[in-house]
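Per-entry structural report
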Amino acid sequence: MYLSSWAQPKSDSLLLERLVKRRASPALQHILQYPDTFRYQVIYTQIDRDKHNKPHFTHYYLNVNNDTYFNPASTVKLPIALLALEKLHTLHKKGLDMYTPMLTDSAYKGQVRVDQDNTSANGLPSIAHYIKKVFLVSDNNAYNRLYEFVGMQDIHEKLWAKGYPQVRIVRRFMPLDEEGNRHTNPIRFVTYTGKPVYEQPEAYCSLPFDFSRQEFIGDAYLDRNDSLICSPMDFTRHNNLPLTDLQHMMQTVLFPESVPKSQRFHLKKEDYRFLYHYMSALPRESDYPKYDPREYFDSFTKFFMFKAGHAHIPPYIRVFNKTGWAFGFLTDVAYIVDFKNNIEFMLTGTVYVNRDRILNDDRYEYEEEGYPFFKEIGNIVYQYELLRERAYGPNLKKFLDATY
């Protein structure tokens, strides 16, 4: 089992396994019995505060192995959003911030131009509005524009420097080939009256990537023409984001003081508050964009505890998270806070549900097996946390304030 340097098993590493297996329903027991089939991995992070409210973390693992591939899907939007905010500060351009209108041009085949956004209050796109949509409903177009702003080369040089050598984010969520993804668009930032603030030329990523580890999943798949290809689907050159890295990224954003400065994203106080707000916000709490609650229900992107059955989220519980779903893989990295009972913990997990072993056919058991997996794991840990003794209760004011 390979884990990142910051993700080492603790002395009681079997706590999570014992806890889950002791309380699991027959349906969950079935999944747990077949780790190779369901490819599940779970990290439970206990948070204990000292008398100064400083958090201390203990990680427990269930079947976690960074060499076991899962498709990270939209969870890659988390580091891209963070890098976009970080880049704004490193540019040091007067008048440039997350709210400055951002106009995307095109300079290579397959690229798109974007100079308006009718879902924003002023009709213009911006880094802030894209990040809102990424966390509220996991918007793919918003991610694509942020990816283009940061650029493939900077994405990897920055993440590798922060200690994430296995991370590989080489795909936008649009029909581009490998070469097309290496090219990113020219971008202009302007004032509301159209005056130039900053211009970024088109860019090309020349970095070599290690594709030596081959990853094939399933028995067959549908290609872009919906033709059935009777061989496993090749994920070797897809995005890669190990679960321990995903957990650490979220911890780094929520508790930046808990990691060395070299591992932090260089953000400002207003960035953190903005992120906390939209990481935990529900779609119906947004006016711009305005979402139809029948499609974007409260738990649309809240897998742990709530998405299965569209469960009600009590007003005193907030989930700060990022989810992803694609090719039968479901993934969630979450910080769950109960302000009423004054508890906090993190859960990060992934599971693969695909009975017919055919990929890209949109026939996955998300509703039957995937979301119930997250709901039950979340509830088991939540009930344990309600009873777990703590020397000092947490002061959660910074997270409570961000929810308003």
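Above: the structure in question.
Along each chain, numbering runs from 1 in the same order as the chain's sequence is written. Given that this is a predicted model, residues contribute local features only at a pLDDT of at least 70 and side-chain atom pairs are listed and counted only at 80 or more, while totals for whole chains, interfaces and linings are drawn from all residues. Heavy atoms throughout the structure, all of them, feed into the side-chain values; hydrogens and water do not.

**Considering the pattern of salt bridges**
- Basic side-chain nitrogens of Lys or Arg form a salt bridge, by our definition, when they fall within 4 Å of a carboxyl oxygen of Asp or Glu. A full pass over the atoms with the stated rule returns 19 salt bridges.
- With a closest N to O distance of 2.8 Å, glutamate 148 and arginine 145 form a salt bridge. Note that glutamate 148 and arginine 145 are positioned in helix α6 (residues 140-150) at a spacing of 3 residues, about one turn of the helix. As far as burial versus exposure is concerned, glutamate 148 and arginine 145 are alike and both buried. Secondary structure is summarised from DSSP: a helix means a run of H or I of at least four residues, a strand means a run of E of at least two, and numbering begins at the N terminus for each. A simple rule labels every residue: compare its accessible area, found with a 1.4 Å probe on the protein chains alone, to the largest value its type can have, and call it buried under 20%, exposed over 50%, or partly exposed in between.

**So, the packing of helix α4 (residues 77-91) against α6**
- Axis geometry follows a simple rule: fit a line to the C-alpha atoms, using only the stretch in contact for helices, then measure angles between N-to-C directions, giving values from 0 to 180 degrees. Two numbers describe how α4 lies on α6: the axes approach to 9 Å, and their chain directions differ by 40°. As far as their axial angle goes, α6 and α4 are oblique. Considering only the axes of α4 and α6, their crossing is left-handed. Between α4 and α6, the contacting residues are Lys77, Ile80, Ala81, Leu83, Ala84, Lys87, Leu88 and Leu91 on the first element and Asn140, Tyr143, Leu146, Tyr147, Phe149 and Val150 on the second.
- Per-class residue counts for the contact of α4 with α6 are 11 nonpolar, 1 polar and 2 charged. When describing relative orientation, an angle under 35 degrees is termed roughly parallel and one over 145 degrees roughly antiparallel, while 65 to 115 degrees is termed roughly perpendicular and anything else oblique. The hand of a helix crossing depends on one turn: near helix anticlockwise from the far one by less than a right angle means left-handed, and clockwise means right-handed. Residue contacts are defined here by distance: any two heavy atoms, one from each residue, within 4.5 Å place the two residues in contact. Side-chain classes follow a simple rule in which Ala, Val, Leu, Ile, Met, Phe, Trp, Tyr, Cys and Pro form the nonpolar group, Asp, Glu, Lys and Arg form the charged group, and the remainder, Gly included, forms the polar group.

**Focus on the sheet that holds strand β6 (residues 196-200)**
- Strands are labelled as partners when DSSP assigns at least two bridges between them. Taken together, the 3 strands give an open sheet; going across it, the order is β3-β5-β6, and neighbouring strands pair in antiparallel fashion. In this open sheet, the two strands that pair with only one neighbour each are β3 (102-104) and β6. Each strand of the sheet is rotated relative to its neighbour by a mean of 20°, with strand direction disregarded.
- Looking at chain direction, β3 and strand β5 (residues 187-190) are connected through 3 bridges and run antiparallel.

**Thoughts on the sheet that holds strand β15 (residues 358-359)**
- Judged by pairing direction, the sheet is mixed, and its 3 strands sit side by side in the order β10-β9-β15 without closing on themselves. A single partner strand is all that each edge strand has here, and the edge strands are β10 (228-229) and β15.
- Pairing geometry for strand β9 (residues 220-222) and β15, over 2 bridges, is parallel. Paired with tyrosine 221 across the strands is leucine 359, a residue of β15.

**Some remarks on the side chain of aspartate 361**
- The residue aspartate 361 is located in the loop between β15 and α11 (366-387) in this model.
- As used throughout, the charge tally considers Lys and Arg to be positive and Asp and Glu to be negative, leaving His and the chain termini uncounted. Put simply, aspartate 361 is tucked away with no salt bridge, and the nearest opposite charge, on arginine 363, sits 4.7 Å away.
- Polar contacts, as counted here, are pairs of nitrogen or oxygen atoms within 3.5 Å of one another; within protein the pair requires one atom able to donate a hydrogen and one able to accept it, and residues that are adjacent in sequence qualify only if both atoms are side-chain atoms. A distance of 3.0 Å separates the side chain of aspartate 361 from the backbone nitrogen of arginine 363, its partner in a polar contact.
- Among residues more than four places away in sequence, those in contact with aspartate 361 are Leu222 and Asp356.

**Focus on the packing of aromatic side chains**
- Aromatic rings from Phe, Tyr and Trp, taking only the six-membered ring of Trp, are treated as a pair when their centres fall within 6.5 Å; an angle between ring planes under 30 degrees marks them as stacked, one over 60 as edge-to-face, and anything in between as tilted. Applying the stated criterion across every chain, the model contains 34 aromatic pairs.
- Where tyrosine 44 meets tyrosine 60, the ring centres are 5.9 Å apart and the plane angle is 35°; that geometry is what we call tilted. Of the two residues, tyrosine 44 sits in strand β1 (residues 41-49) while tyrosine 60 sits in strand β2 (residues 55-62), which places them 16 residues apart along the sequence. Per residue, the accessibility class of tyrosine 44 equals that of tyrosine 60, and both read buried.
- Arranged with centres 5.3 Å apart and planes meeting at 85°, the rings of phenylalanine 235 and phenylalanine 327 form a pair that is edge-to-face. One end of the pair, phenylalanine 235, is in the loop between β11 (233-234) and α9 (243-254); the other, phenylalanine 327, is in the loop between β12 (317-326) and β13 (329-338), with 92 residues separating them in the sequence.
- Among the residues examined, phenylalanine 235 registers a relative accessible area of 0% and is labelled buried.
- Here, over-ring charges are defined by two tests on the NZ atom of lysine or the CZ atom of arginine: distance to the ring centre within 6 Å, and angle to the ring normal within 35 degrees. Positioned above the aromatic ring of tryptophan 325 is the side chain of lysine 307, whose terminal nitrogen or guanidinium carbon lies 5.0 Å from the ring centre.

**Details of the nonpolar core**
- Among the nonpolar cores identified, the biggest contains 129 residues, and Ile127, Phe149 and Tyr335 are the most heavily contacted of them.
- Every residue in contact with isoleucine 127, bar those within four places of it in the chain, is listed here: Ala84, Leu85, Leu88, Met98, Met102, Leu146, Phe149 and Phe189. We call a set of buried Ala, Val, Leu, Ile, Met, Phe, Trp, Tyr and Cys residues a nonpolar core when their side-chain atoms join them within 4.5 Å.

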